[in-house]
Structures are given as structure tokens and as C-alpha cells.
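# Observations on chain architecture
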Amino acid sequence: MTQSLLFTEAEWNAEMPRVVREMTAYLRQYRVAVFEDHESHGAGWGSGSYLRFDGQVSILTNQHVACIRSDNRILAYQFEDQDDIRRVVGDHCEYPAPLDLALLPVSMDAWSTSPHGSKAIEIDQISICHAPVETELLTFTGFSGSNVAFHFNTLLANGTCYTAREVELPQDNRFSPGFISVSTTDLIWHPP
């Protein structure tokens with residue numbers, strides 16, 4: 001993927017703060033902080049994205065996040081623009097490493113009847129593999145545990161968002177460049 005830059009470094013540096021702000025705002029509706037519920041408070045536990053598949057909305061996260069449910073520990077989440085905290089109820093499915101994926105159930109009653117600012121990724125928004133195009137930017141977003149906290153019975157979850165240019169991957173026979181391992185909360189944005 002050898003390509004010439006379409007902008008100078010000064011133009012890139014001047015434009016990136018706006019792009020990062022816009023991507024952060026756009027991704028906010030899809031991402032969700034997953035935390036461990038301790039009754040009177042919670043602890044940041046992972047990140048996820050809402051995903052609609054076969055008429056059901058789930059939280060797409062990592063298996064290493066979901067697996068604590070087997071120890072009877074409780075995971076919870078919160079819709080964007082809502083104060084209500086919702087426990088994950090029902091069975092989840094998980095796929096251990098090397099996939100490290102899990103789907104946590106979301107209450108469809110709450111999803112459909114409670115006004116909120118969350119949106120689910122639709123299946124047609126997902127590429128079968130990573131196939132970057134010229135000028136593409138890749139944005140990663142999620143919630144590190146240090147950015148999720150409870151204060152005065154209020155969940156404060158500040159997401160982190162990183163945006164970067166595509167770079168050529170080093171040659172390594174162990175990996176296919178079309179199927180790179182990234183967090184479950186990554187979305188790709190193709191600028192107009």
C-alpha cells in the first residue's frame with residue numbers, strides 16, 4: 001500500500017483535532033462501557049458496541065470481558081443519554097481466543113421503549129475483512145477501566161478515541177493483512 005500523501009503534515013496536524021472530535025461524537029452512539037455491578041457501586045470492566053443481529057440487540061464485546069459471568073459476577077451497561085443502569089440478564093454466547101468475542105444480551109423491552117441515544121451497528125455496516133482504501137482513517141474507541149467510575153451513585157464513563165492513518169503492515173507469515181485483530185469497538189470511517 002505505497003501511496004503518496006494527499007496533504008502536508010501541517011495540514012494533517014491542523015485538521016486532525018476536528019476529525020477526532022467528529023469521530024468521537026459519531027461513535028458515542030454505538031459504544032458502551034461494560035462494568036461489574038457491585039450493588040452500591042460498579043467498576044469499569046470493558047468496552048463494547050451495540051450490535052443488531054437477527055432482530056436482537058446485543059453488546060459485542062470480548063470473551064475475556066464476558067467470562068466473569070460464569071463466576072456469578074454481574075455485568076451492567078447504560079444507554080447513551082440515560083441515567084438508568086441495566087444489568088446483563090440472560091445467556092450470552094462467547095468465543096475464546098483466538099477470536100475473543102462475546103455477545104451479551106440487551107433487554108429488547110428497554111431498548112425499544114426507553115428513549116435513549118444509543119444505536120446498534122447493523123450487519124451491513126460490517127466488512128468481511130479489513131480492506132483499506134486510499135485516504136482512509138481508522139478510529140479505535142473504548143473505555144479503559146481508569147476512565148469508568150462511580151461517584152455519588154452516578155456512573156461516569158469517559159470513552160477514549162484514537163484516529164490514525166493507515167500504514168503498511170510489516171511482513172509476517174503468521175498474519176493475514178485482511179484479517180487483523182482489533183478491538184470489538186472499532187469502526188472504519190471513509191471520508192467523503
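Small disclaimer: the values here were computed from a predicted structure and weren't measured.

A tally of helices and strands in the chain yields 3 helices and 13 strands. Counting all 192 residues of the chain, 37% fall into the buried class. Put simply, of all contacts in the chain between residues at least 6 apart along the chain, 65% involve residues at least 24 apart. Taken as a whole, the chain presents about 11700 Å² of accessible surface, with 54% of it coming from carbon and sulfur.

This brings us to helix 1 (residues 9-28). When the terminal C-alpha atoms of helix 1 are compared, their 28 Å separation across 20 residues agrees well with the 28 Å that a helix rising 1.5 Å per residue should span. Largest kink in helix 1: about 35 degrees, centred on Glu 15, with the proline Pro 17 one to four residues after it. For helix 1, the set of buried residues is Trp 12, Met 16, Val 19, Met 23, Thr 24 and Leu 27.

With that settled, consider the pattern of salt bridges. Within this structure, the stated rule accounts for 6 salt bridges. Arg 18 is paired through a salt bridge with Glu 15; the nearest N and O atoms lie 2.3 Å apart. Separated by 3 residues within a single helix, Arg 18 and Glu 15 lie in helix 1, roughly one turn from each other. Note on Arg 18: relative accessible area 32%, which makes it partly exposed. Taking relative accessible area as the criterion, Glu 15 reaches 34% and is therefore assigned partly exposed. The salt bridge involving Arg 73 is made with Glu 36; its shortest N-O contact spans 2.9 Å. Here the residue Arg 73 occupies a position in the loop between helix 2 (63-66) and strand 4 (74-77), and Glu 36 occupies one in strand 1 (residues 31-37), the gap between them amounting to 37 residues. In this structure Arg 73 comes out as partly exposed when scored by relative accessible area, which is 30%.

Turning our attention to a nonpolar patch on the surface. Together, Phe 53, Ile 123 and Ile 126 give the surface a local cluster of nonpolar side chains, amounting to about 300 Å² of exposed area. Turning to its location among the elements, Ile 126 is positioned in the loop between strand 8 (121-122) and strand 9 (137-142). Overall, the relative accessible area of 46% leaves Ile 126 in the partly exposed class.

What follows covers the packing of aromatic side chains. The final tally for this structure, using the stated rule, is 6 aromatic pairs. Arranged with centres 5.1 Å apart and planes meeting at 50 degrees, the rings of Tyr 50 and Trp 111 form a pair that is tilted. Taken as a pair, Tyr 50 in strand 2 (residues 42-53) and Trp 111 in helix 3 (residues 108-113) lie far apart in primary sequence, 61 residues in all. This pair shows no difference in class: Tyr 50 is buried, exactly as Trp 111 is.

Judged by nonpolar contacts, the single largest core of 18 residues is most densely connected at Tyr 50, Ile 59, Tyr 77, Phe 79, Leu 104, Val 106 and Trp 111. Broken down by secondary-structure element, the contributors of at least two residues to this core are strand 1, strand 3 (56-61), helix 2, strand 4, strand 7 (101-105) and helix 3. Membership of the second largest hydrophobic core comes to 7 residues, among which are Trp 12, Val 19, Met 23 and Cys 161.

Turning next to the environment of Ser 70. With respect to the helices and strands, the residue Ser 70 is situated in the loop between helix 2 and strand 4. Within the structure, Ser 70 has its side chain in polar contact with the backbone oxygen of Cys 67 (distance 2.7 Å).

On to the side chain of Thr 61. Examined against the element boundaries, Thr 61 turns out to sit in strand 3. Classification of Thr 61 as buried rests on a relative accessible area of 0%. A polar contact of 2.7 Å, which involves the side chain of Thr 61, links it to the backbone oxygen of Ser 47.

Here Glu 136 shows up in the loop between strand 8 and strand 9. Taking the C-alpha atoms as reference points, Glu 136 and Arg 165, 29 residues apart in sequence, are found 6.6 Å from one another.

Omega for the bond connecting Ala 97 with Pro 98 falls within 30 degrees of zero, at 15 degrees, which places this linkage in the cis form. Considering the arrangement of structural elements, one finds Pro 98 in the loop between strand 6 (93-95) and strand 7. A positive phi is found at Asp 54, a non-glycine position, where the angle reads about 55 degrees. Within the secondary structure, Asp 54 is located in the loop between strand 2 and strand 3. The backbone phi angle of Asp 100 is positive, close to 55 degrees, even though this residue is not glycine. Within the secondary structure layout, Asp 100 lies in the loop between strand 6 and strand 7. Residue class for Asp 100 comes out buried when judged on its relative accessible area of 18%.

Reading the values: the criteria
Residues numbered from 1 in each chain as written. Predicted model: local features only at pLDDT ≥ 70, side-chain atom pairs only at ≥ 80, totals over all residues. Heavy atoms only, no water. Helix = DSSP H or I, 4+ residues; strand = E, 2+ residues; numbered from the N terminus. Buried < 20%, exposed > 50% of the residue type's maximum accessible area, 1.4 Å probe, protein only. Contact = heavy atoms within 4.5 Å. Areas by Shrake-Rupley, 256 points an atom, 1.4 Å probe, with all protein chains shown as cover. Expected span 1.5 Å × (residues − 1). Bend = angle between axes of the 7 residues up to and from the residue. Salt bridge = Lys/Arg side-chain N within 4 Å of Asp/Glu carboxyl O. Patch = residues over 30% accessible without salt bridge, like charges linked within 9 Å, V, L, I, M, F, W, Y side chains within 5 Å. Phe/Tyr/Trp six-rings, centres within 6.5 Å; stacked < 30°, edge-to-face > 60°. Core = buried A, V, L, I, M, F, W, Y, C linked by side-chain atoms within 4.5 Å. Polar contact = N/O pair within 3.5 Å; in protein donor to acceptor, adjacent residues only side chain to side chain.

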